[in-house]
Amino acid sequence: MLSVSMNEHQFEQLIAGLSQLPAYTIGRNIDNKIVLSNSKISGYHARLIHCTPASFVLEDLTSKNGSFVNDIRVTRKVVDKQDTLRLADTTFTIDQLLALLRVEPETPPQAGPESLPKSELNPLDFTQPFADLHPVYEQYPKLRRDCRSREKMIRTGSVILSSLIGISAALTTGGGALPFIQLMSGAGLSMLIPTLCSTILSTDEKLEIIDKEYRERYRCPNPTCRDPFGTREWDLLAQQKNCRRCQAIWVK
């Protein structure tokens, strides 16, 4: 582990830079990030805020014909890649909209179910991915509690991250968000910290994003199972040692 050499003010400055979330305007006018040539689409129809690799906020920009999520008209809503978005009379997925970006977004990689490591010796050995879920379980209530206050969130982030990575290494990149979030991406839910410090998201939106990310990650690590753990304590699951549904090995 690299040593951490950053005071609270430096950390706050770094988080302030990282919490400037990418936002893509969508509309008929050519200066939008996502241009849609459809007469029913307003000049500036909506905005898509990129919060995490999996979570976004869709915001309607007072369009004439509306923005819809799963056929419900919205003014602003947290969405993910499973949702169906409709702008006026045209339906999209998140991936389809992102594919229309004039400049591809720099999305930090995140280990998903399809890329979780497995033992070469035993395809049901998921001991390391299961161990990685311990910080997810521990950090979830802390992040949920402290996201209501940006100052508390920064202090929580400082404690979590300083115990996991060498933050000073990120400074050598010039404070770029991508290298820093790459370092955080495997450390429980710590990759959410810049998003939770953002000033453009409401507390309710932050709570919804935390819950979405927690539900997505706190599951059986076997990608063919993905049984959700819900509120079950990690220590009790560890005592169980394997998944009763798919027989994945969690603890040897």
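See the structure printed just above.
The structure reproduced in this document is the subject of the present report. In this text the structure is predicted, and so the values were computed from the model without any measurement.

## Points about the overall build of the protein
Broken down by element type, the protein carries 10 helices and nine strands. By residue count, 46% of the 252 residues in the protein fall in the buried class. Taking all contacts inside the protein whose residues are at least 6 apart in sequence as the whole, residues at least 24 apart take part in 54%.

## Here we look at the pattern of salt bridges
Tallied over the entire structure, the rule returns 13 salt bridges. Measuring nitrogen to oxygen at the nearest pair gives 3.1 Å for the salt bridge that ties Arg226 to Glu216. With Arg226 in the loop between helix H9 (203–217) and helix H10 (234–240) and Glu216 in helix H9, this residue pair connects regions lying 10 residues apart in the sequence. The class of Arg226 is buried, set by a relative accessible area of 14%. Here Asp227 makes a salt bridge to Arg232, at a shortest N to O gap of 3.7 Å.

## Some words on the sheet that holds strand S5 (residues 67–69)
Pairing is antiparallel across the open sheet formed by four strands, whose spatial order is S6-S5-S8-S9. Looking at the sheet topology across the chains shown, the edges are occupied by strand S6 (72–74) and strand S9 (90–92). Neighbour-to-neighbour, the strand axes of this sheet turn through a mean angle of 35 degrees, independent of strand direction. The pairing of strand S8 (residues 85–87) with S9 spans three bridges and is antiparallel. Its bridge partner lying in S9, Leu87 is registered against Thr90.

What counts, and at which threshold
The numbers attached to residues start from 1 for each chain and follow its sequence in the written order. pLDDT decides what is reported in this predicted model: residues at 70 or higher carry local features, side-chain atom pairs at 80 or more are listed and counted, and totals for whole chains, interfaces and linings draw on all residues regardless. Water and hydrogen atoms were dropped before computing side-chain values, which therefore reflect all heavy atoms in the structure. Numbered from the N terminus, helices here are DSSP runs of H or I no shorter than four residues, and strands are runs of E no shorter than two. Think of it in three bands: with a 1.4 Å probe and only protein chains considered, a residue is buried below 20% of the maximum accessible area for its type, exposed above 50%, and partly exposed in between. In what follows, residue pairs with any heavy atoms lying within 4.5 Å of each other are defined as contacts. Each salt bridge in this description consists of a side-chain nitrogen of Lys or Arg and a carboxyl oxygen of Asp or Glu lying within 4 Å of one another. What makes two strands pair is DSSP finding at least two bridges between them. To obtain each axis, a line is fitted to C-alpha atoms, and for helices this fit is confined to the stretch in contact; angles are then taken between N-to-C directions over 0 to 180 degrees.

Keep in mind these numbers describe shape, not what the thing actually does.
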